[in-house]
Amino acid sequence: MVLRELQALLADNTIDARIAGNKNVPFYHYKKTPASNALTDLIRAVLRMNATVQKSGTRLMRGTGITNARWQMLSELFALEKRVTVSELARHMGLTRQAVQRLADDMASDGLVEFAENPGDARAMHLLLTEAGRATYHDALEREWQWTNAIAEDFDAEQITRAVALLEAITQKMQAKN
């Protein structure tokens, strides 16, 4: 697209060039920096990826007896390798405490997690994986590693590591601004 045409599209200061039919032009605003435009594109890509991961997780967990949300919580509890409260887990996962509490209560009823006393705060119980929760996690992990190996085979581990570091840094900055 030539500069004059792009400037014409931007004249109202809010035009999304995609609406104008050019799918290769990111959201532009005359006050946005190139880094800001790139961040907007990254956020949109992350949102699309999240939706895809959710659908894939649901498909992957079929037949295991757990939902994608339960798989995510089991994975986080296993990865943290420490005692956490529902509030701590919710902050770590970027979810509300209420959503994690409901999920934890349901999973405790099914024997996947249990609540344990917290010596630091009698009102905020620790959330722990049970043996059944660990077994379920390992069963689901068998499915997950095959899926991620197939996707990752076309990428360099260093590329992915840099992407993770970038996403974590952006997330931390966003959280600090809230």
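These numbers were taken from a predicted model, which means no experiment stands behind them.

Enquirer: What's the story with the layout of surface pockets in this structure? I'm lost.
Expert: By rolling a water-sized probe across the atoms, one finds the places where empty space is left. Taken as a whole, the largest pocket spans an internal volume of roughly 2200 Å³. Forming the walls of the largest pocket are 44 residues, and the residues nearest its centre are V46, M49, N50, V53 and L167. Elements represented by at least two residues in the lining of the largest pocket include exactly α2 (34–61), α3 (68–80), α4 (86–93), α6 (131–152) and α7 (157–177). When residues of the lining of the largest pocket are assigned to their parent elements, the largest contribution, 14 residues, is made by α2. Residues that form the lining of the largest pocket fall into these classes: 25 nonpolar, 15 polar and 4 charged. What lines the second largest pocket is simply L77, F78, E81, K82, R83, L127, L128, L129 and R134.

Enquirer: Sorry if this is basic, but what is going on with the side chain of T136 here?
Expert: Mapping T136 onto the fold places it in helix α6. For T136, the side chain forms a polar contact with the main-chain oxygen of A132, separated by 2.9 Å. Excluding residues that lie within four positions of it along the chain, T136 makes contacts with I66, L74 and L112.

Enquirer: In this structure, what is going on with the packing of α4 against helix α5 (residues 97–109)? I would like to understand it.
Expert: Packed helices, taken two at a time, are described by their axes: the angle between them and the distance between them. Where α4 contacts α5, the two axes come as close as 8 Å, and the packing angle between them is 115 degrees. The two elements α4 and α5 cross, and the hand of that crossing is right-handed. In this structure, α4 contributes V86, S87, L89 and A90 to the contact, and α5 contributes R97, V100, Q101 and A104. Here the contact of α4 with α5 is composed, by residue class, of 5 nonpolar, 2 polar and 1 charged.

Cut-off values and rules
- Residues numbered from 1 in each chain as written.
- Predicted model: local features only at pLDDT ≥ 70, side-chain atom pairs only at ≥ 80, totals over all residues.
- Heavy atoms only, no water.
- 1 Å grid on protein atoms, 1.4 Å probe; cavity = no way out; pocket = protein on both sides within 12 Å on 5 of 7 lines; lining within 4 Å.
- Points joined across faces, edges and corners; volume = space filled by probe spheres on them.
- Helix = DSSP H or I, 4+ residues; strand = E, 2+ residues; numbered from the N terminus.
- Nonpolar A, V, L, I, M, F, W, Y, C, P; charged D, E, K, R; others polar.
- Polar contact = N/O pair within 3.5 Å; in protein donor to acceptor, adjacent residues only side chain to side chain.
- Contact = heavy atoms within 4.5 Å.
- Axes fitted to C-alpha atoms, helices over the stretch in contact; angles between N-to-C directions.
- Left-handed = near helix turned anticlockwise from the far one by under 90°.

All we've got here are geometric facts, nothing functional implied.
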